[in-house]
Amino acid sequence: MARTLIRKNPSNFKTLPLHVEATPERLSYQSIGMPLNFAQTLQRRKAIQLDDSERFVIELANLGVSVRLTLNWQNRDYWVLVRQRRQDRGDVVLKLISGYVPAQELNLPLHTAIQEVAEECLLETPEGWLGGRFNDTWLPAPYAAALHYREALPFTLSPASGAARPVHCGNLMLLERPRAYVHLPTASLQLIYDLRLQVPKEAKSLSLFHVDERLEGDQLVARLNRKRPDLYLMPLKDGKPLAELYTLKKDQLIPASTRGLYLAESFALQDGWVVREERVRWREWVRQQGLVESRPEKPSHLQRFSDKARALLQRAKTTLHK
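Residues numbered from 1 in each chain as written. Predicted model: local features only at pLDDT ≥ 70, side-chain atom pairs only at ≥ 80, totals over all residues. Heavy atoms only, no water.

An unreviewed UniProt entry annotates the protein as Metal ABC transporter ATPase of Pseudomonas machongensis.

In structure tokens form, the structure reads like this:
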């Protein structure tokens, strides 16, 4: 059964529309107009068109931020994807960790990105949930009232190399160089930060969970459902993704089905500064990337028996050494 972690009043969230100017060399944005609440922002997220994908001036509904998070666990790298039922678009996709940038952080979207990692990506060990640090700054523990966070063994979050073309907020260049695109179906500007999450080696029996807020009536509600972890790992080899998905439960990678799967628009093809698609089929993305999808075989009865015997032997050795 899902556990309620927090409830929020969505009317407390305010953001601002944007004035955006783009050339082939750079993109800049600045806020305009009056602050908008969540419902007002959704009303403005209507499809638009652009004749030139490299050079334009336009007003957009909002600024969104995503994190292409690379998790390093047991000396292996994985991209982190989360499952989301998008109420405003009526679909279910796997997407990057993401959120809306509030009005007070439009000039510092990296801060929003870091908070989204703390809110959406939860790391559990038998001794409690892991906190995190970004460089020398502790990440917030958004569910501290409902979950026990460990004081020791924080994971570390650090920026990776950014995009080639610069993005400016007014006259200020965003130093981490996020990738930027205008999403035509939602009239929004989206920034994608590359961040790296290092799991401490001492963190044993690790499980990963995604927590997302859903609008229920007049409240935003965040729930944890252990039966549906909703956080997926895509392994990397030499920095490039493999066409495989897993969930992680107590240090065990569990293959996940990709049948009928859609990825969010951040995985769709980008033309200049523009992304036109709402989503992309998993198989289409795999084809575009030139990947070969491997279908993990179900373990045989003999393999399952061997795994159980190995686990029992290991448990016996541990008991003898105590």
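Past the structure itself, the notes keep going.
Undergrad: Describe the layout of surface pockets, listing the residues and the values that go with them.
TA: Computed from the structure, the largest pocket encloses a volume of approximately 1,100 Å³. Lining of the largest pocket is provided by 43 residues; of these, Phe38, Gly99, Tyr100, Glu116 and Glu213 occupy positions nearest its centre. Those elements that provide at least two residues to the lining of the largest pocket are α1 (38-44), β5 (62-73), β6 (76-86), β8 (97-100), α2 (109-120) and β18 (213-216). If one sorts the elements of the lining of the largest pocket by residue count, α2 sits on top with 5 residues. Within the lining of the largest pocket, the residues separate by chemical class into 13 nonpolar, 14 polar and 16 charged. (1 Å grid on protein atoms, 1.4 Å probe; cavity = no way out; pocket = protein on both sides within 12 Å on 5 of 7 lines; lining within 4 Å. Points joined across faces, edges and corners; volume = space filled by probe spheres on them. Helix = DSSP H or I, 4+ residues; strand = E, 2+ residues; numbered from the N terminus. Nonpolar A, V, L, I, M, F, W, Y, C, P; charged D, E, K, R; others polar.)

Undergrad: So what's going on with the confidence of the model for the protein? Residues and values would help.
TA: For the protein, the average pLDDT comes to 90, and 91% of its residues sit at 70 or higher. In this model residues 297-306 is a low-confidence stretch, pLDDT under 50, and it forms 1 contact with partners more than four residues away in sequence or in other chains. (pLDDT = per-residue confidence, 0-100. Contact = heavy atoms within 4.5 Å.)

Undergrad: Describe the environment of Arg86, with residues and values.
TA: Position of Arg86 relative to the elements: it lies in strand β6. Overall, the relative accessible area of 4% leaves Arg86 in the buried class. Considering only alpha carbons, one finds Arg86 and Arg68, 18 residues apart in sequence, at a separation of 19 Å. Contacts of Arg86, omitting those with residues within four sequence positions, involve Asp91, Val93, Ala264, Glu265, Glu278 and Arg279. (Buried < 20%, exposed > 50% of the residue type's maximum accessible area, 1.4 Å probe, protein only.)

Undergrad: I'd like a description of α2, backed by residues and values.
TA: Here α2 contains 12 residues, and its C-alpha end-to-end distance of 16 Å stays within 8% of the 16 Å for a straight helix at 1.5 Å per residue. Of all 12 residues in α2, 10 are buried, a share of seventy percent or more. Regarding α2, the residues found buried are Pro109, Leu110, Thr112, Ala113, Ile114, Glu116, Val117, Ala118, Glu119 and Glu120. (Expected span 1.5 Å × (residues − 1).)

Undergrad: Can you explain the nonpolar core? Please cite residues and give values.
TA: Ranked by internal contacts, the top residues of the largest apolar core, which has 56 residues, are Tyr29, Leu69 and Leu189. Among the elements that make up this core, the one with the highest residue count is β5 (6 residues). With 20 residues, the next largest nonpolar core counts Tyr181, Tyr232, Leu261 and Val286 among its residues. (Core = buried A, V, L, I, M, F, W, Y, C linked by side-chain atoms within 4.5 Å.)

Undergrad: If you had to explain helix α3 (residues 282-289) to someone new, which residues and values would you point to?
TA: Taken as a whole, α3 has its buried residues at Trp282, Trp285 and Val286. End-on, the buried residues of α3 take up no more than an arc of 100 degrees, which puts them together on one face. Across α3 from its buried face, at more than 90 degrees, point the exposed residues Arg283 and Arg287. Each element contacted by the buried residues of α3 is listed here: β6, β20 (231-237), β21 (240-241), β24 (262-264) and β26 (279-281). (Arc of directions from axis to C-beta.)

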